[in-house]
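Each chain is listed here by its residues.
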Amino acid sequence: MIILGIETSCDETAAAVLEGSPSTSSGSTSRIQILSNVVASSASLQSKYGGIIPEQAAREQIKSIIPVIEEVLSQAFFKKRLPRPAIGGARNDGVGVDAVAVTYGPGLIGSLLVGVETAKTLARIWNKPLIPVNHLLGHFYANWITGYTPDVYAQVSPKSHIGSENEVPKFPCIGLLVSGGHTDLVLFTDHGKYEYLGGTRDDAAGECFDKCARLLGLPYPGGPEINKLAEKGKDTFRLPRPMINSNDLDFSFSGLKTAVANLLHTNSTPGVKSKLNPSRHTGSVPPSEVELRNLCASIETAIIDVLVVKTVKAAQKYNVEQIIIAGGVASNQKLVSDLEFRIKDLELRIKLHVPPPELCTDNGAMIAAAGFFLPPRKANKNSIKDPLTLQANPNLSLAY
Ligand code: KG4
Ligand code: ZN
């Protein structure tokens, strides 16, 4: 079975073609290969403004969506030695594609509409099923992708480790989603079946990285920038770890951002002794290079400490032996190594699943992968009989 996945929830225009082979009598798919995976990002454009301007992101989506889909279909079907499914003109047959999966929420409404309307049109003209995917659930499905075709391997990062079918997550498992807009913990009991355990009460972990980076004058997206500088710094500022000891599985990161803002503000108030560098007393003194690196290490460690403690606590509470992580922040190698360290330190028998970095940030492959496991019935309460009835939902969540 071949699925085209389309993802346009924010500032990435992404599409991928995945091939899966159903292997069990229940029809579940155990081997899912990426035939092609294309991501066009307007992040560098958004970076000029220190964050995303929704109107601009949507306009970039419109420019990129058709070229991205044409490219991803060309790459995949060249490999299959089949003619590329046509997406316009007289021959609108869609031969070779068995279904179209698309992110229908949550996200920026203008961006979402571009992907949803394109997917609806393709499903309709090709007469193929349309599978609506909740973006947040989609992120987790990067953990079920078992392979790349060799030439796609050549394009991905050397750190990419991708599992075999024996290594895909098993149920029950704890899922930690850490993206730019969401931080959620869920207990999965089957595909599409989960219990919501907790989430952030204010800023998401990725949002905290991005907002702290902005305070430090670093470009958007801030997570990778802080991550890079933190590698050469030390956790010298000991920032707060909000809610790390609370009895629930919720998070709160806005206080951490405020602590960073206060630190910088104190540093720039005339007459007030700088906390960044006690030898300086007045004026707007930007952090030195060493202070900047240490501040980045302190921010990163504070965020990661909370994520690690709460995720392992959830696994212990529900007595599960598998943890899956997902979302842009999951590409942070310190998060992965600290989680592994805590699991080992507590002598727990827990297997941690982490997608390769390029499948942690937004991509079409995770949406297509979700399409294999979440048939229309499960992906959306209202089964999509007529693709044209699908509506984008910017406020979709995992919590209900
Ligand atoms: O999942 P994603 O690509 O988009 C959303 O669905 O939001 O996540 C983007 C978020 C941004 O906040 C970005 O700063 C963060 O992921 N991020 C990172 C790293 N790479 C991306 N945060 C920390 N360390 C990283 N290496
Ligand atoms: Zn995302």
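As shown above, the structure is provided for reference.
Residues numbered from 1 in each chain as written. Chains lettered and ligands numbered in written order. Predicted model: local features only at pLDDT ≥ 70, side-chain atom pairs only at ≥ 80, totals over all residues. Heavy atoms only, no water.

1. Regarding the sheet that holds strand S7 (residues 173-178)
Taken in spatial order, the five strands make up an open sheet running S9-S8-S7-S10-S11, and their pairing is mixed. Taken across any chain shown, the strands that pair with only one partner, and hence form the sheet edges, are strand S9 (193-199) and strand S11 (351-353). The average undirected angle you get between the axes of adjacent strands in this sheet is 20°. Pairing of S7 with strand S10 (residues 322-326), which is carried by four bridges, proceeds in the parallel orientation. (Pairing = 2+ DSSP bridges. Helix = DSSP H or I, 4+ residues; strand = E, 2+ residues; numbered from the N terminus. Axes fitted to C-alpha atoms, helices over the stretch in contact; angles between N-to-C directions.)

2. Some points on the layout of surface pockets
Of the volumes computed, that of the largest pocket is approximately 1,300 Å³. Taken together, 44 residues form the lining of the largest pocket, with Ser 179, Gly 180, Gly 181, Asp 210 and Tyr 220 sitting closest to its centre. Within the residue set of the lining of the largest pocket, elements represented by two or more residues are helix H4 (135-140), helix H6 (205-215), helix H7 (222-230) and helix H10 (333-345). Along the lines of polarity and charge, the residues of the lining of the largest pocket split into 14 nonpolar, 18 polar and 12 charged. Split by domain, the residues of the lining of the largest pocket number at least three in each of domain 1 (2-162 + 358-389) and domain 2 (173-354). (1 Å grid on protein atoms, 1.4 Å probe; cavity = no way out; pocket = protein on both sides within 12 Å on 5 of 7 lines; lining within 4 Å. Points joined across faces, edges and corners; volume = space filled by probe spheres on them. Nonpolar A, V, L, I, M, F, W, Y, C, P; charged D, E, K, R; others polar. Domains from an automatic or database assignment.)

3. Focus: the coordination of the zinc ion (ligand 2)
Summarising the metal site, the zinc ion (ligand 2) is bound by the protein donors His 135 (NE2), His 139 (NE2) and Asp 362 (OD), whose distances to it range over 2.0 to 2.1 Å. For the zinc ion (ligand 2), the donor residues sit on a single chain with the sequence spacing H-x3-H-x222-D. A residue pair is termed long-range when its members are at least 10 positions apart, and His 139 in helix H4 and Asp 362 in the loop between S11 and helix H11 (364-373) qualify at 223 residues. Grouping residues by exposure puts His 139 and Asp 362 together as buried. (Donors = N, O, S within 2.8 Å, 3.2 Å for Na, K, Ca; no water. Buried < 20%, exposed > 50% of the residue type's maximum accessible area, 1.4 Å probe, protein only.)

4. Observations concerning H6
What H6 keeps buried is the set Ala 205, Gly 206, Cys 208, Phe 209, Asp 210, Cys 212 and Ala 213. The positive-phi residue at the C-terminal boundary of H6 is Gly 217, with phi of around 75°.

5. Describing the pattern of salt bridges
Under the criterion given, the structure shown has 15 salt bridges. Of the charged contacts, one joins Asp 203 and Lys 211 as a salt bridge, the two residues approaching to 3.3 Å between their closest N and O atoms. For Asp 203, a relative accessible area of 7% puts it in the buried group. On the accessibility criterion, Lys 211 (32% relative accessible area) is partly exposed. A salt bridge links Glu 207 to Lys 211, with the nearest nitrogen and oxygen atoms 3.0 Å apart. Of this pair, Glu 207 and Lys 211 both sit in helix H6, separated by four residues, roughly a single helical turn. Each member of the salt-bridge network shares a partner with another, and the members are Arg 201, Asp 248, Asp 250 and Lys 310. (Salt bridge = Lys/Arg side-chain N within 4 Å of Asp/Glu carboxyl O.)

6. What about the packing of helix H9 (residues 289-317) against H10?
With their axes 10 Å apart at the nearest point, H9 and H10 run at an angle of 45° to one another. Between H9 and H10, the angle is such that the two are oblique. Relative to H10, H9 is oriented so that their crossing is right-handed. Facing Glu 300, Thr 301, Ile 304, Leu 307, Val 308, Val 309, Thr 311 and Val 312 of H9, the residues of H10 in contact are Lys 334, Leu 335, Asp 338, Leu 339, Arg 342 and Ile 343. A breakdown of the residues in the contact of H9 with H10 according to their chemical character gives eight nonpolar, two polar and four charged. (Parallel < 35°, antiparallel > 145°, perpendicular 65-115°, else oblique. Left-handed = near helix turned anticlockwise from the far one by under 90°. Contact = heavy atoms within 4.5 Å.)

7. Some details on the packing of aromatic side chains
Following the criterion strictly, the structure yields seven aromatic pairs and no others. Above the plane of the ring of Phe 251 lies Lys 310, whose end atom (NZ or CZ) is 5.9 Å from the centre. (Phe/Tyr/Trp six-rings, centres within 6.5 Å; stacked < 30°, edge-to-face > 60°. Lys NZ or Arg CZ within 6 Å of the ring centre and 35° of its normal.)

8. Concerning the pairing of strand S8 (residues 183-190)
Burial analysis of S8 places six of its eight residues in the buried class, which makes it a mostly covered element. Examined bridge by bridge, S7 and S8 share six bridges and lie antiparallel to one another. Within S8, the position partnered with Leu 177 by the bridge is Asp 184. Hairpin geometry of S7 and S8 is characterised by an intervening segment of four residues between the two adjacent antiparallel strands. When S8 meets S9, the two strands line up antiparallel, connected through six bridges. Looking at S9, one finds that Leu 187 is bridged to Glu 195. Counting the residues that bridge the hairpin from S8 to S9 gives two residues, and of these Gly 192 lies at a positive phi of roughly 75°.

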